Amino acid sequence: EEGMVILPSGTYNMGSNFLTNEQPIHTVSINSFYISDHSVTASEYKLCVDSTICNYNGGTARNYTFGMTGKENHPITYISWGDAQTFILWLKQNSNMNFRLCSEAEYEYAVRGGTTTEYWCGDNFSCLDNNEWIPTNNNGTSQVVKTMSANPWGLFDMHGNGKDWVQDLHHSDYTGAPTDGSAWEINSGRSERGSRGASWESIDPLNQLRSSYRSFYPPSARYEGLTFRLCADL
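Described below are features of the structure shown in this document.

What counts, and where the lines are drawn
Counting from 1, residues in each chain are numbered in the order their sequence is written. Residue-level local features of this predicted model are given only where pLDDT is at least 70; pairs of side-chain atoms are given and counted only at 80 or more, and the full residue set underlies all totals for whole chains, interfaces and linings. Only hydrogens and water are set aside; all other atoms, that is, all heavy atoms of the structure, feed into the side-chain values. Stacked, tilted and edge-to-face are the three classes assigned to paired rings of Phe, Tyr and Trp, where Trp is represented by its six-membered ring and a pair needs centres within 6.5 Å; plane angles under 30 degrees give stacked, over 60 edge-to-face, the rest tilted. The helix and strand labels rest on DSSP assignments: H or I over at least four residues marks a helix, E over at least two residues marks a strand, and numbering proceeds from the N terminus. To sort residues, take the accessible area from a 1.4 Å probe on protein chains only and compare it with the maximum for the residue type: under 20% means buried, over 50% means exposed, and anything in between is partly exposed.

## Remarks on the packing of aromatic side chains
Going through the model one piece at a time under the given rule, you end up with nine aromatic pairs. Pairing Y45 with Y56 gives two aromatic rings, centres 6.1 Å apart and planes at 70°, and the pair type is edge-to-face. Placement of Y45 in helix α1 (residues 42–50) and of Y56 in the loop between α1 and α2 (81–93) is noted, with a sequence separation of 11 residues between them. Grouping residues by exposure puts Y45 and Y56 together as buried. Taking the centre distance of 5.4 Å and the plane angle of 75° together, the rings of F87 and F228 count as edge-to-face. Taken as a pair, F87 in helix α2 and F228 in strand β9 (residues 226–228) lie far apart in primary sequence, 141 residues in all. Judged by relative accessible area, F87 falls into the buried class, the value being 3%. For F228, a relative accessible area of 0% translates into the label buried. Cluster of aromatic residues (ring-pair linked, three or more members): Y45, Y56, F87, W90 and F228.

Printed below as a string of structure tokens:
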């Protein structure tokens, strides 16, 4: 499918010592998989709405993207975890690929692109200025996908523009986390789902744009920074 990139299998150290919920750092072995080089756009999501399978409940807020002239190629925002799952079911029925949300481990592997620095472009936050749409350069709104630099593995907007939902349930740290790259959906006791990356409106960009940063939201949450990106099995 257009826009899907095959990432190589490999091993990396997931997490960091920066925040307690990113500990312990642990080695994860990832099998090769597909990931989209961009978050799902408003025009892509509209195809599912037009089919009557998907709904859109973003309202008319300032950064509402669906159906707005000029926002067609921005990440679709105000998307809940459930909305993303409905879109994926529709897409699987209309393609020959086994689409799904990425796991948290796959997403961090993808955003790092083989790097071990705080951001894929280096350890200094300023490296993002000309490489990602971040709160210091995006004029307070989402931007057209794939208009900044790709990371070393050809993926765009991995640190900015929109937070992407992942499959995993909330876990307060990585104690007992799977090491095979799979989504962590057991032994949680929490209903919140994970998101990775950061959005155009992140309030603490120095922290929230790091490769290892994690956030969680109720699966029904719809926020102006929340979107999603596709993964798929080979």
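## Focus: helix α3 (residues 104–112)
Among the nine residues in α3, nine count as buried, and that is most of the element. Among the residues of α3, E104, A105, E106, Y107, E108, Y109, A110, V111 and R112 are the ones counted as buried. G113 occupies a position one or two residues after α3 and carries a positive phi of about 60°.

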